[in-house]
Structure formats: structure tokens, C-alpha cells
Amino acid sequence: MVLAKRATLISPSLTLGITAKVNQLCSQGIDVIGFGAGEPDFDTPVYIKEEAIRALNSGFTKYTATSGIKELKEAIIAKFQRDNRLVYTPEEIIVSCGAKHSLYNAIQVLCEKGDEAILASPYWNSYLEMIKLSGAKPVIIKTKEKDGFKILPEALQQKISPKTKLLILNSPSNPTGTVYTPVEIKALGRIIADNNIMTISDEIYEKLIYSDVVPVSLASLSDKLKSLTLVINGVSKTYAMTGWRIGYAAGSKEIIKAMTNLQDHSTSNPVSFVQKAAVVALNGPQNELETMRQEFKKRRDYMVARVNSLKGLSCLNPDGAFYVFANVKKLFNKNIKGLEVKDSLSLAECWLNEARVAVVPGAAFGADNYVRFSYATSFEKIKTGLDRIETLINKYY
Ligand SMILES: *Cc1c(COP(=O)(O)O)cnc(C)c1O
């Protein structure tokens, strides 16, 4: 059998590989502390669940419009007005099966062979794979830790070519937690507008910010930037609804229409009764978000201090999301119980075997000198996991 070339271009997910190993160890009764999670550990708020149950019991179980029910589009439009001072019409909104699905549809309808798509590293791995799947060439801006892992305007300018079709921005960022300030977004916005570059702004972690940086959507800076920007957001990270699969995109009618056509012939609508629950998530009381945010902040503060106190590790203090991206380069070039620790993959393997702690190797994000710790796990587990790493480091370094 010969697979389509397209299929052979996709790399397996390193993150899922680690997860599989963790699950295997756990099933053998070995207790592993997992820092791999890319999702909130909190349960979905009760009033959201109740709405899904109500909709289900009332028989709201049939196909809906592919791009989402009217009420949900209205709730999304209200959210953009409230949070981002952005005004959209229903034809400028699509609801998909997760923000990831919106991203996939967008990249498929925008990019093709011969195009270049610019993204920053460290990157969220799916961007890279989605670009490759579209046939376009990923063009990577290597951001530096000393610049807070931010794209500098001159670095963006340098990567723009006549083939540039798309730029992807992600603030707050997965995996670094970096949040761009309004001034920084404006500086990038000038280059984007001057060069007419279509930009995807992935704002999925918008509500998880722990400093006084006010998130600004690129789309809200000018009419021109609004027409060039496709905003991606969703309920997964904000409302602890990762498994429910609701994400959305807002942008020009033309792109939204093309994305809807693609969705028409792939998944059709996102789950009917889940859309009803998403309406309640967006329109309902938002106080539980603040409770979750405060808890994440407490964990972040603790984790950052602990990581920086460990020999050979260092990290920035990330302003958003729920990840700490730690520099572990000083721990390389060491043989531990026969395993040559020489890069982020072997370090992650060593920590899993010898300390029973799982992290995601930076190689998954195009940054091999780092590992990603997620603090979307209990304070107790964070403490135990870091204690274990400390013990291992004190023993071998
Ligand atoms: C989690 C995540 C998404 C996808 O969210 P879903 O709505 O669950 O598909 C998109 N972008 C980034 C950067 C993420 O970390």
C-alpha cells in the first residue's frame, strides 16, 4: 500500500508519545507525576454541564447549521464586543470542533504549495504540522529567551518574501506563556498592514493572564488589520471544556465562507447540545474563571521560584497560559545509569525513568534546550514532582 505523500509529511506527536508512556507506567501501578497536560485540571463549571444535559433531554440532538447555531454566534459576537471591542456579523463567525479545527480549516483554505507561512519558534507543534499538510513551507522565526520569546519587528520584516501568505501569532503562547504587550502588537501590526499579510491570531489563552498586561487583539488595532486578521478562540482553556470540542474563528466573510464549505464536507456542525452549553459558558457568570485564574497564578509563582532554585535549570516568569518553559541545557552531556542525557528528549526520558516525572521535551516545540512543565495539575503534585527532580539533580550533578 502506498500512502498519499500528504500523510507521510505529518510527524507523530511527541507529547502524545510521552502521555502513552505515562499511562503505561500508571497502569503498572507506578506513580508518575505528569507535567505534560495541555488542559486545565479543573472540572467544567456545573451550570455549563447542566445546560448540556437540559439541551440533550429536550431533544436538541440533530444536525445544526455547519458554522454554528444562531444563539452561539450571537454569544461569540457579544464576547468580541465585550472583551476586544471588535464588531462582527454572523457571516464573519464560524464555530468548529475545537479551536484546533478552526485553525486547521483556516490553514487549508489559505495556504498551498508555493506559499510560505511564518511562525515563531518555540511553536505549538500543530501549527507546523498543519502548515506542512497544506503544502506550504513553514518559515520559522527563532525567538530568543532574552527577548522573552517574542517576535521582534525586524525579525518579522526579514522573513517576509513575495511568497509570504500567512503569519501565525499566539499570545499568550503555548509553550512559553509569553504575552505580547499592546505596544509590541502595534509594532508587529504596522509591518503586517504595510505588507498586507494575512494573520492568524490564536487567542485561546486570552483569559489566563497573571500580570497587568492587557491583551490586545491584532484585529482591534485598525480596520485594515481587522480585514487581515483571523481571530481564533474557544471555550476549551477558558472554561475547562477541552473535551467538549468547541472553538471558533472570526474574520472576513470570504475566509469564513471557505472554511464553512470545508467543514460542510468534513465534520459538519460541532455537537448540537454542546453548542447550547457554550452559549451559557460565554453569556453566563464569569466568576469561576477568576477562581481558576487565581489558582493557576499561585501555582505559577511557586513553580517558577522552584525551577529557578534548581541547579542547572532556569526559566522566565511567564505572564500567561499554564506552562513554564525551562532552560535545561546545563543538564546535558551527562550519563545517568547508562542513559546519555544529551538533548531534551533524552532528558525527559531520564526524568521519567529515574524520577517518575513526565515533562514535554522542547524538541516538540522546535526548542531543544528546553522542557515544558504544565502547571495545570494540583499544587501537591507540583510540589512532589519538583521535589523528585531536585533529588535526582542533587544525586547526579
Ligand atoms: C489547546 C490549544 C488550542 C486548541 O484548543 P481546542 O479548542 O481544544 O482545539 C489551540 N491553540 C493553542 C496554542 C493551544 O494550546
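Residues numbered from 1 in each chain as written. Predicted model: local features only at pLDDT ≥ 70, side-chain atom pairs only at ≥ 80, totals over all residues. Heavy atoms only, no water.

Section: the overall build of the protein
Thought 1: A count of helical and extended segments in the protein gives 14 helices and 15 strands.
Thought 2: Here the C-alpha radius of gyration of the protein, 21 Å, is about what a compact globule of 397 residues would show, namely 21 Å.
Thought 3: In terms of overall dimensions, the protein has a C-alpha envelope of 60 × 55 × 55 Å along the principal axes.
Thought 4: Here the protein holds 397 residues, and 53% of them are scored as buried. (Helix = DSSP H or I, 4+ residues; strand = E, 2+ residues; numbered from the N terminus. Rg over C-alpha atoms; globule rule 2.2 N^0.38 Å. Buried < 20%, exposed > 50% of the residue type's maximum accessible area, 1.4 Å probe, protein only.)

Regarding the layout of surface pockets
Thought 1: Of the pockets and cavities examined, the largest pocket occupies roughly 1200 Å³.
Thought 2: Forming the boundary of the largest pocket are 47 residues, of which T15, G36, A37, G38 and E39 lie nearest the centre.
Thought 3: When residues of the lining of the largest pocket are traced back to their parent elements, those giving at least two are helix 2 (14-27), strand 1 (33-34), helix 5 (99-110) and helix 6 (125-134).
Thought 4: The leading source of residues in the lining of the largest pocket is helix 2, at 7 residues.
Thought 5: A volume near 390 Å³ is recorded for the second largest pocket. (1 Å grid on protein atoms, 1.4 Å probe; cavity = no way out; pocket = protein on both sides within 12 Å on 5 of 7 lines; lining within 4 Å. Points joined across faces, edges and corners; volume = space filled by probe spheres on them.)

Points about the site of the ligand
Thought 1: Contacts to the ligand come from 13 residues, most closely from A99, D202, Y205, K237 and R245.
Thought 2: Measuring from an oxygen atom of the ligand, one finds a side-chain N or O atom of N174 at 2.9 Å.
Thought 3: Measuring from an oxygen atom of the ligand, one finds a side-chain N or O atom of S236 at 2.9 Å.
Thought 4: For the ligand, whose unbound accessible area comes to 390 Å², protein coverage reaches 94%.
Thought 5: Of the residues assigned to the shell around the ligand, the class counts are 5 nonpolar, 4 polar and 4 charged. (Near = heavy atom within 4 Å. Polar contact = N/O pair within 3.5 Å; in protein donor to acceptor, adjacent residues only side chain to side chain. Areas by Shrake-Rupley, 256 points an atom, 1.4 Å probe, with all protein chains shown as cover. Nonpolar A, V, L, I, M, F, W, Y, C, P; charged D, E, K, R; others polar.)

A short note on the sheet that holds strand 8 (residues 247-250)
Thought 1: Taken in spatial order, the 7 strands line up as 2-8-7-6-5-3-4 in an open sheet, and their pairing is mixed. The open sheet has two free edges, formed respectively by strand 2 (93-96) and strand 4 (137-142), since each of these has just one partner strand. Between one strand and the next, the sheet's axes are offset by a mean angle of 20 degrees, whatever the strand orientation. (Pairing = 2+ DSSP bridges. Axes fitted to C-alpha atoms, helices over the stretch in contact; angles between N-to-C directions.)

Just distances and angles here, no functional claims.
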